[in-house]
Amino acid sequence: MKQGSKVGIVCCSNGLDQKQAETVDLLVQILEKSGFVPELSPYLYGDENGMVGTARERAQALMNFYRDDSVEEIFDVSGGDLANEILPYLDFQTIAYGKKHFWGYSDLTTVLNAIYARTGKFSVLYQVRNLTYEHSQEQITDFLETVLGGSSALYDFPCEFVRGTHMEGMVVGGNIRCLLKLAGTPFWPDMREKILLLESYGGGVPQMVTYLSQLSQMGVFKKVNGILLGTFTKIEASECKPDMAELVLKFAEKRTPIAQTKFIGHGTDSKAIRIGHHLKLYSAEANKRIYNTITRT
């Protein structure tokens, strides 16, 4: 991207509450001040049930941005439950041939993984409204350095290994509840030799056990190269025991590396991660060994 680039703002999941109009206005101001030209979908704000337009209309609004060559990136500002409703109406051939990428989080996990499954292209798990919240200055700096300066600032996040010392593979997954909506559909990504990212906003231990059981029964844990845990907001706030890492250890294969980070998920300080992009992660000990090897040669 470059300054002067046009960007699309869409809502593919639940419509925003009218109270969020101030946040959207602020986001538009920040993008304009940063040199971008935002264009808004006509389907942003929902009714009392969160419904906005039909699935076909929301999908068409997204595809209009994909077909518009002047639009360089597309940012979804929604979340909730309804994103998978649009999947049958997306033109994946057009998406595959375009250079632009789709950004979204939470329920948009369905769209991010469907794009990778059907096109092989990466999308970005990130909520662009983070540019407006309490960590706005850091978020804006990392965002602009990444999309304008070509750095990896927005994609760089620390992690700790629960088991193992390194993992490598294409990243799939995202919000655990929303990912499982794709099970049994043509939009489910191939899990072989992948890094499986899992995070969640809501849900307690029983819900997480249910989701992990389904993934296990689908054979997912036998296929992946590693598991990366983001934040699990409600579980962490309630200090639930067992925590998510302990739960995953019970379901994952014994030799599967598991890492966790506090910077992928629903937090307003969250970094971005590309779904459908190759990633290498190393523990601090492994990084030290690599550094020592390099300095000796």
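Each remark here, short or long, concerns the structure printed above.
Residues numbered from 1 in each chain as written. Predicted model: local features only at pLDDT ≥ 70, side-chain atom pairs only at ≥ 80, totals over all residues. Heavy atoms only, no water.

Engineer: Looking at this structure, I do not really get the packing of aromatic side chains. What am I missing?
Structural biologist: Where two aromatic rings form a pair, the distance of their centres and the angle of their planes describe that pair. Applying the stated criterion to the full structure yields 6 aromatic pairs. On the numbers, 5.8 Å between centres and 35° between planes, the contact of Phe92 with Phe187 is tilted. One end of the pair, Phe92, is in helix 3 (residues 92–97); the other, Phe187, is in the loop between helix 6 (176–179) and strand 8 (194–200), with 95 residues separating them in the sequence. Phe187 carries the same exposure label as Phe92, and that label is buried. (Phe/Tyr/Trp six-rings, centres within 6.5 Å; stacked < 30°, edge-to-face > 60°. Helix = DSSP H or I, 4+ residues; strand = E, 2+ residues; numbered from the N terminus. Buried < 20%, exposed > 50% of the residue type's maximum accessible area, 1.4 Å probe, protein only.)

Engineer: Just to check I follow, could you spell out unusual backbone geometry for this structure?
Structural biologist: Most of the time, phi is negative for any residue but glycine, and the peptide bond is trans. The amide bond that connects Lys241 to the next residue, Pro242, takes the cis arrangement and shows omega of 0°. Structurally, the position occupied by Pro242 is in the loop between helix 9 (233–237) and helix 10 (244–251). Despite not being glycine, Ser106 shows a phi value in the positive range, around 60°. With respect to the helices, strands and loops of the structure, Ser106 is situated in the loop between strand 4 (102–104) and helix 4 (109–119). Given a relative accessible area of 9%, Ser106 falls into the buried group. At Glu193, a position not held by glycine, the phi torsion is positive, near 60°. Structurally, Glu193 can be placed in the loop between helix 6 and strand 8. We classify Glu193 as exposed; its relative accessible area is 57%.

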